[in-house]
Amino acid sequence: MEDYGRFLALLVSALLVGFMSVIFALVWVFHYRGGLSWDGGAGEFNWHPVLLVTGFVFIQGIAIIVYRLPWTWKCSKLLMKFIHAGLNTIAMILAIVSMVAAFEFHNASNIPNMYSLHSWIGLTAVILYSLQLLLGFAVFLLPFAPVPLRAALMPIHVYSGLLIFATVIASCLMGITEKLLFSLQNPAYSASPPEAIFVNCLGLLIVIFGALILWMASRPHWKRPPEEIP
Ligand code: ASC
């Protein structure tokens, strides 16, 4: 492989930044927001950022680049497809649980649902992600689809996957901003208290993670070499 060292450096950076994003989300909810619970209160809502950063950002990011890991090129394509689909399934389940947490918290506190741009874009991303997973499973994993159909749908699958991933990151940034604007009073967000600075940094980490993943996924010379299907 061309540039093996450079790929490895990017991968380690992405893993580090992704891992730090998860840690930052946990520190946010435990240190600043009272921790996690499942009782309709603020602690239940806190699952929302934790599960989204863990599943929808970090695990989805790894799922996207899993075919690019050079040491897996000796593994069967089918095994790699199962890993790709499995990671994306875990991410989807975590995203759905995280939405339930947000809705239950809203309903228990009489906060309206689905009015913000964050909620519109976020729900759209979860719906498109579920369709992408279903279609990917039916066309690329099950042995029934003819090769010309696979070939025709593959560029669309790749494009949609990257688009959904970028949309998820945009939605995270809106959600983070919303939550800081709502919950920081006295001192307000505009006074830059420590929580505001810390959580802005979480947003930066998520953007850097996304940038690294999209870079690795879009370098043609880091693609798994073509072979027989599956
Ligand atoms: C698959 C698979 C590929 C693509 C290819 C279409 O299911 O394993 O490599 O689809 O056949 O581009």
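This structure is a prediction, so every number in the text was calculated from the model and none was measured. (Residues numbered from 1 in each chain as written. Predicted model: local features only at pLDDT ≥ 70, side-chain atom pairs only at ≥ 80, totals over all residues. Heavy atoms only, no water.)

Teacher, can you tell me more about the overall build of the protein chain here?
Counting its secondary structure elements, the protein chain contains 7 helices and 0 strands. Put simply, the protein chain runs from its N terminus to its C terminus through helices and strands in the order α-α-α-α-α-α-α. Since a compact globule built from 230 residues should have a radius of gyration of about 17 Å, the 19 Å found for the protein chain is in line with a globular shape. In terms of principal-axis extent, the alpha carbons of the protein chain reach across some 60 × 35 × 25 Å. Expressed as a percentage of its 230 residues, the buried residues of the protein chain come to 44%. (Helix = DSSP H or I, 4+ residues; strand = E, 2+ residues; numbered from the N terminus. Rg over C-alpha atoms; globule rule 2.2 N^0.38 Å. Buried < 20%, exposed > 50% of the residue type's maximum accessible area, 1.4 Å probe, protein only.)

Which parts of the structure should I look at to understand the side chain of serine 119?
Within the secondary structure, serine 119 is located in helix 5 (residues 117-141). On the basis of relative accessible area, serine 119 is assigned to the buried category, the value being 14%. Polar contacts involving the side chain of serine 119 include one to the main-chain carbonyl oxygen of serine 116, which spans 2.7 Å. (Polar contact = N/O pair within 3.5 Å; in protein donor to acceptor, adjacent residues only side chain to side chain.)

It is not clear to me how the packing of aromatic side chains should be interpreted in this structure. Could you clarify?
Tallying each qualifying case throughout the model produces 7 aromatic pairs. Aromatic pair tyrosine 32 and phenylalanine 198: ring centres 5.9 Å apart, planes at 45°, arrangement tilted. With tyrosine 32 in helix 1 (residues 4-32) and phenylalanine 198 in helix 7 (residues 194-218), this pair connects stretches of sequence that are 166 residues apart. With centroids separated by 5.7 Å and ring planes inclined at 45°, the aromatic side chains of phenylalanine 58 and phenylalanine 209 adopt a geometry described as tilted. Taken as a pair, phenylalanine 58 in helix 3 (residues 47-65) and phenylalanine 209 in helix 7 lie far apart in primary sequence, 151 residues in all. You can call phenylalanine 58 buried: its relative accessible area is 17%. (Phe/Tyr/Trp six-rings, centres within 6.5 Å; stacked < 30°, edge-to-face > 60°.)

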